[in-house]
Amino acid sequence: MNTNKELIMGLDIGSTKICAAICIINKAGELSLVSVGTSISAGLKKGRIENAEELCDAIKKAVQKAEHKAGIRPDRVLINLPLYGVEFAHNLGFILSKEETGQISKNEKNECIKRSGNIYKTSKQKILHVIPLFFKVDGTVVKNPVGVFGSNLEVQTHMILGRTSAIMGISNILKNLDLHISGIIYDPIAVSQIMLTD
């Protein structure tokens, strides 16, 4: 099978079923579904990897089915993370705007969000998502600070942290299948994107 950089595979690792979906990404960044492969899940217990070999075999079956239907093989995979060990935290980020226009820039917004992720975490944790809840410019709450006049930017974020061991376990399994993780998403976030987006 040919490897195509415009292809990506979504891999849903569930407690009862493994689902692999191959999609084509067009120039506009839109996805078109090409094929789907499924298998019965194995090696997981309440989201925790109990048997890596069994889980590897289950993932391999789903991936092979999707590849067989599509006739192509992506080398990039976007996966959801099993629920085991996921933790949550809130934190604030601050930045003093230095824009000559006096307006908050997009880069400053992004940097403020990034700074909110500077929290204490152990080597057993990895930040998966940093989700802005609200912004303040000079103490006033705004939906989007970009273009707003002011100097003091603040953001409160909701962070989702996963266990490093779980991430490494899934990563090693996929490496054994010659697949490389392009991104990781917390399962409820993926579901919300589907349910709440037109």
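Below, the structure is looked at part by part. Nothing here was measured: the structure is a model prediction, and the numbers come from that model.

The rules behind the values
- Residues numbered from 1 in each chain as written.
- Predicted model: local features only at pLDDT ≥ 70, side-chain atom pairs only at ≥ 80, totals over all residues.
- Heavy atoms only, no water.
- Buried < 20%, exposed > 50% of the residue type's maximum accessible area, 1.4 Å probe, protein only.
- Helix = DSSP H or I, 4+ residues; strand = E, 2+ residues; numbered from the N terminus.
- Arc of directions from axis to C-beta.
- Contact = heavy atoms within 4.5 Å.
- Pairing = 2+ DSSP bridges.
- Axes fitted to C-alpha atoms, helices over the stretch in contact; angles between N-to-C directions.
- Salt bridge = Lys/Arg side-chain N within 4 Å of Asp/Glu carboxyl O.

Take helix α2 (residues 106-116) next. Of the residues making up α2, those classed as buried are Glu-108, Lys-109, Cys-112, Ile-113 and Ser-116. An end-on view of α2 places all buried positions within 140 degrees of arc, on one side of the element. α2 presents Lys-106, Asn-107 and Lys-114 as exposed residues on the side facing more than 90 degrees away from its buried surface. Contacts from the buried residues of α2 go to β7 (87-96), β8 (125-137) and β10 (152-163).

What follows concerns the environment of Ile-18. When you line up the elements, Ile-18 lands in strand β2 (residues 17-25). For Ile-18, a relative accessible area of 0% puts it in the buried group. Taking the C-alpha atoms as reference points, Ile-18 and Ser-41, 23 residues apart in sequence, are found 5.4 Å from one another. When near neighbours in sequence (up to four residues on either side) are disregarded, Ile-18 contacts Leu-11, Asp-12, Ile-13, Gly-37, Thr-38, Ser-39, Ser-41, Leu-55, Ala-58, Ile-59 and Ala-62.

Take the sheet that holds strand β3 (residues 31-40) next. Read across the sheet, five strands follow the order β3-β2-β1-β6-β11 without closing on themselves; strand pairing throughout is mixed. The strands lining the two open edges of the sheet, one partner per strand, are β3 and β11 (180-186). Neighbour-to-neighbour, the strand axes of this sheet turn through a mean angle of 20 degrees, independent of strand direction. Sheet topology note: the strand β1 (residues 7-13)/β2 ladder contains seven bridges and is antiparallel. Within β2, the position partnered with Asp-12 by the bridge is Cys-19. Its contacts with the sheet place helix α1 (residues 52-70) against β1, β2 and β3, and it is angled at close to 140 degrees to β3. In the packing of helix α3 (residues 164-176) onto the sheet, the strands contacted are β1, β6 (76-81) and β11, and the crossing angle to β6 comes to about 145 degrees.

Right, let's get into the pattern of salt bridges. The final tally for this structure, using the stated rule, is two salt bridges. Note that Glu-67 and Arg-73 form a salt bridge whose closest N and O atoms lie 2.6 Å from each other. Arg-73 shares its class with Glu-67; the two are buried. Glu-111 is the partner of Arg-115 in a salt bridge, and the nearest nitrogen-oxygen pair spans 3.1 Å. Pair noted here: Arg-115 and Glu-111 are both in helix α2, with a separation of four residues, about one helical turn. Judged by its relative accessible area of 38%, Arg-115 is partly exposed.

Glancing now at the sheet that holds β7. Read from one edge of the open sheet, four strands run β7-β10-β8-β9, paired in antiparallel fashion. Looking at the sheet topology across the chains shown, the edges are occupied by β7 and β9 (140-142). Looking at each pair of strands side by side, their axes are set apart by 40 degrees on average, direction ignored. Alignment of β8 against β10, held across eleven bridges, turns out to be antiparallel. Each residue of the ladder has a partner; that of Phe-134, found in β10, is Gln-156. This element, α2, spans β7, β8 and β10 of the sheet and lies at about 135 degrees to β7.

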